[in-house]
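# A structural walkthrough
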Amino acid sequence: MSVNGEAVRVGPVTDQADEPGWEVDPDDDWALAVVATVGRQLRLRREAAGLRVPEFAVAVGYGEDLVYKIESGKRIPRPEYLDTADDVLGAGGLVAAMKEDVRKVRYPKKVRDLAQMEARAVELQLYDPLHIHGLLQTPEYARALLSMRRPAYSAEEVERFIAARVARRSVFDRDPALGFILEEWTLRRPLGGREVLRAQLEHLLAVARLPAVELQVMPMDRQEHAGVDGGIAVLKFADGTAVGRSPAVAGGRAVSDLRQLRILELRYGIIRAQALTPRESIAFVEDLLGET
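What comes next concerns the included structure. Note that the structure is predicted; figures quoted are calculated from it, not measured. All chains use their own residue numbering, which begins from 1 and follows the written sequence. For this predicted model, a pLDDT threshold of at least 70 governs which residues receive local features, and a threshold of 80 or more governs which side-chain atom pairs are given and counted, while totals over whole chains, interfaces and linings are taken from all residues. Side-chain calculation: all heavy atoms of the structure are included, whereas hydrogens and water are not.

Another aspect to go through is the nonpolar core. A general feature of soluble globular proteins is that nonpolar side chains tend to end up buried together. To form a nonpolar core, buried Ala, Val, Leu, Ile, Met, Phe, Trp, Tyr and Cys residues must be joined to one another through side-chain atoms within 4.5 Å. Residue burial is assigned from relative accessible area. The probe radius is 1.4 Å, only protein chains are included, and a residue is buried under 20% of its type maximum, exposed over 50%, and partly exposed in between. Membership of the largest hydrophobic core comes to 35 residues, with the highest contact counts inside it found for L136, F172, F180, L187, L201 and L204. Under the DSSP-based scheme used, a helix requires at least four consecutive residues in state H or I and a strand at least two consecutive residues in state E, with every element numbered from the N terminus. Looking at this core, the elements that each hand over two or more residues are β3 (121–128), α7 (139–146), β4 (177–183), α10 (194–208), β5 (213–218), β6 (232–237) and α12 (278–291). Sort the elements by how many residues they give to this core and α10 lands first, with 7 residues. When checking whether two residues touch, look at their non-hydrogen atoms; a contact exists if any pair is within 4.5 Å. When neighbours within four sequence positions are excluded, L204 is seen to be in contact with I132, L136, L182, L187 and L215. Membership of the second largest hydrophobic core comes to 28 residues, among which are V38, V60, Y81 and V105.

So this is what it looks like as structure tokens:
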């Protein structure tokens, strides 16, 4: 921190200017505006404190290049950077308070857009044939799943995606009507190990017992299955509008056209009828848990 105009080192110098996962998406106008505003506020407060960049860099324990990039809006500051800057600049928590906006910026734009729609929806119909749906994943299971991606995500990217998925789970706090259809095989594959799978199955049971949730399992022995064309997501809103998405409709783009929505709802309804009932599905997951 600054004492009598002299910069005092508060930690080891680190420079994450080239670390992946903290860049600003050049196509994300909102993120660009937020990061530029945060950077400008940091620069103005640093200058008001009478600290040059080299002095401030030493005080916060980060490299000069990173300080320049953050202040020019080219780099997303870490939460701990803002905490340390708040202390160094004597901002009384005003700099640290920007962590919430910065946290949202780290989520990919498409994830933010999806989370905003989920927050408005009064009903969600969700079918994922490949994975346990993201809204249902524990952080440990999500980490194991994301770690399977090739080419591999960096550790920072994995944590970024996990944080975004956890944040989306706030939809459960509003109690909209939530329908999930899961494939049996996704519940059997022990991604991350048996303990991770056990915790994931226990979490599924807890969610399945929520009053507003209907969770159904599609068994592998079904001879008829309307979900072979891919996943389905239909979100309905209080004003009577809706939006849907599926790889088999409009090239996977979000659609709001009534005809295309009817196709998605019809397919979802057939899959739902072919799957186990919610009561049978809970019993099925309980049996899987006992086997794991």
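With that settled, consider empty space enclosed by the protein. For cavity detection a 1 Å grid was placed over the protein atoms alone, and a set of points counts as a cavity when a 1.4 Å probe fits there but cannot get out; an open set counts as a pocket when protein lies on both sides within 12 Å along at least five of seven lines, with lining residues being those that have an atom within 4 Å of a point. Grid points are joined across faces, edges and corners, and a volume is the space filled by probe spheres set on the points. All told, the structure shown has 2 cavities of 30 Å³ or more when counted by the stated rule. Volume-wise, the second largest cavity comes out at about 30 Å³.

We now examine the pattern of salt bridges. When a carboxyl oxygen of Asp or Glu is within 4 Å of a side-chain nitrogen of Lys or Arg, the pair counts as a salt bridge. Across all of its chains, the model carries 16 salt bridges by this definition. Measuring nitrogen to oxygen at the nearest pair gives 4.0 Å for the salt bridge that ties K236 to E123. Of the two residues, K236 is situated in strand β6 and E123 in strand β3; the sequence distance between them amounts to 113 residues. Measuring nitrogen to oxygen at the nearest pair gives 3.4 Å for the salt bridge that ties R188 to E291. Separated by 103 residues along the polypeptide, R188 in helix α9 (residues 184–188) and E291 in helix α12 bring together distant segments of the chain.

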